[in-house]
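Fold and contact review
Residue-level listing of the chains:
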Amino acid sequence: MKFSLKTLIPISIFLFAGCAEVDFDQAEAKKPKFFGKMAVFWVDQSTDSSGSGGRFIYVPDPAKPLTFIRDESVEGAEIIVPGAFYTDGGSIPRQFQVFRGFSPWAYGPVYIVHDWLFAARRCAELPEATDEQKKTLELEFQDTVDIFLESLVALRRSRRIEQSDIAQRSISYVISGPPSRNLWNDGKECSRANLDAIELGKSINRLRSQKSGPRVAGDTAMVNQVEVQLVTEFSF
């Protein structure tokens, strides 16, 4: 049986709604904002059907790291500064990537912040955990959904994406569902890869500071015996 995108969206909402509240109005009422820069590098080719196209590493800019403030109108509002980590962007099945907004990197900064919270939480109780990682222990699953919506609002207001559409709403319902909740609460230990990402990120930045690393999308370089390719950069 074949399904159109218009058929699949209501189905996805039916299946995933109810696990966490998806309150677009609450997010719109705030003044969330992105600052800084982000760079994402391809490091591994995907062999599954997740649609990501491979494994990627987010590398924060050493001078102006990507920073998300949940509501700049509130004094002491929560600020999120993702560290280097491996990600697959938006895990969008390949058959849906032909539709507007369903590219794995259509909402790059939003996916970075969201995925970082999950990766950081798993490492937050290690002795070497960073302050940013430890902050995730104070969050509930509902917070991750709220932050996702707020970051979408921030990206729209920066004029990087269109106003709210089917893609943004359907993805928001999916990330609020049982699979995401299970990932948040699964209690899995921090993987060695998450720790290695920090060192690889430092090496990439060191190479770029010497003007010999990837500078524009498509550039490649060998870093710590790993070939990396610059995929995308954002600057706010």
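Anything mentioned here points back to the structure above.
Residues numbered from 1 in each chain as written. Predicted model: local features only at pLDDT ≥ 70, side-chain atom pairs only at ≥ 80, totals over all residues. Heavy atoms only, no water.

Before going further, it helps to spend a moment on the state of the cysteines. What the rule picks out here adds up to one disulfide. The disulfide partner of Cys123 is Cys190, and the S-S distance across this bridge is 1.9 Å. Across the disulfide from Cys123 to Cys190, rotation about the S-S bond amounts to roughly 70 degrees, and the bridge is consequently right-handed. Linking Cys123 in helix α3 (residues 108-123) with Cys190 in the loop between α7 (178-185) and α8 (192-209), this pair joins segments that are 67 residues apart in sequence. A single burial state applies to Cys123 and to Cys190, both of which are buried. (Disulfide = S-S within 2.5 Å. Helix = DSSP H or I, 4+ residues; strand = E, 2+ residues; numbered from the N terminus. Buried < 20%, exposed > 50% of the residue type's maximum accessible area, 1.4 Å probe, protein only.)

Before going further, it helps to spend a moment on the nonpolar core. Nonpolar side chains in soluble globular proteins tend to end up buried together. Formed by 41 residues in total, the largest nonpolar core has its most connected members in Tyr107, Ile112 and Leu117. Mapped onto this core, the elements with two or more residues apiece are α2 (24-28), β2 (37-44), β3 (55-60), α3, α5 (141-157) and α6 (166-175). Core analysis: the next-biggest nonpolar cluster, separate from the first, contains 14 residues, Phe41, Ala197, Leu200 and Ala221 among them. (Core = buried A, V, L, I, M, F, W, Y, C linked by side-chain atoms within 4.5 Å.)

Tallied over the entire structure, the rule returns nine salt bridges. The salt bridge involving Glu28 is made with Arg156; its shortest N-O contact spans 2.2 Å. Here the residue Glu28 occupies a position in helix α2, and Arg156 occupies one in helix α5, the gap between them amounting to 128 residues. A relative accessible area of 7% places Arg156 in the buried class. (Salt bridge = Lys/Arg side-chain N within 4 Å of Asp/Glu carboxyl O.)

Here Glu150 lies in helix α5. Its relative accessible area of 0% is what places Glu150 among the buried residues. Setting aside anything within four residues of it in sequence, one finds Glu150 in contact with Ala27, Lys30, Pro32, Phe68 and Arg70. (Contact = heavy atoms within 4.5 Å.)

Mapping Gln168 onto the fold places it in helix α6. For Gln168, a relative accessible area of 2% translates into the label buried. Setting aside anything within four residues of it in sequence, one finds Gln168 in contact with Tyr107, Leu152, Arg156, Ile161, Glu162 and Gln163.

In any sheet, the strands associate via hydrogen bonds between backbone groups, in a parallel or an antiparallel arrangement. The strand order β1-β4-β5 describes an open sheet built from three strands, whose pairing is antiparallel. With one partner strand each, in any of the chains shown, β1 (33-35) and β5 (79-80) form the two edges of the open sheet. Note: strand β4 (residues 67-69) against β5, two bridges, orientation antiparallel. Residue Ile69 lies in a different strand from β5, and its bridge partner there is Ile79. (Pairing = 2+ DSSP bridges.)

So, on to the packing of α5 against α6. Closest axis-to-axis distance for the α5/α6 pair is 10 Å, and the angle between their directions is 165 degrees. Between α5 and α6, the angle falls in the class roughly antiparallel. Where α5 crosses over α6, the two elements pack in a sense that is right-handed. Here Phe141, Val145, Phe148, Leu149, Leu152 and Arg156 of α5 come into contact with α6, specifically with Gln168, Ile171, Ser172 and Ile175. Its residues assigned to classes, the contact of α5 with α6 comprises seven nonpolar, two polar and one charged. (Axes fitted to C-alpha atoms, helices over the stretch in contact; angles between N-to-C directions. Parallel < 35°, antiparallel > 145°, perpendicular 65-115°, else oblique. Left-handed = near helix turned anticlockwise from the far one by under 90°. Nonpolar A, V, L, I, M, F, W, Y, C, P; charged D, E, K, R; others polar.)

In short, the description is geometric, and any link to function would need to be established separately.
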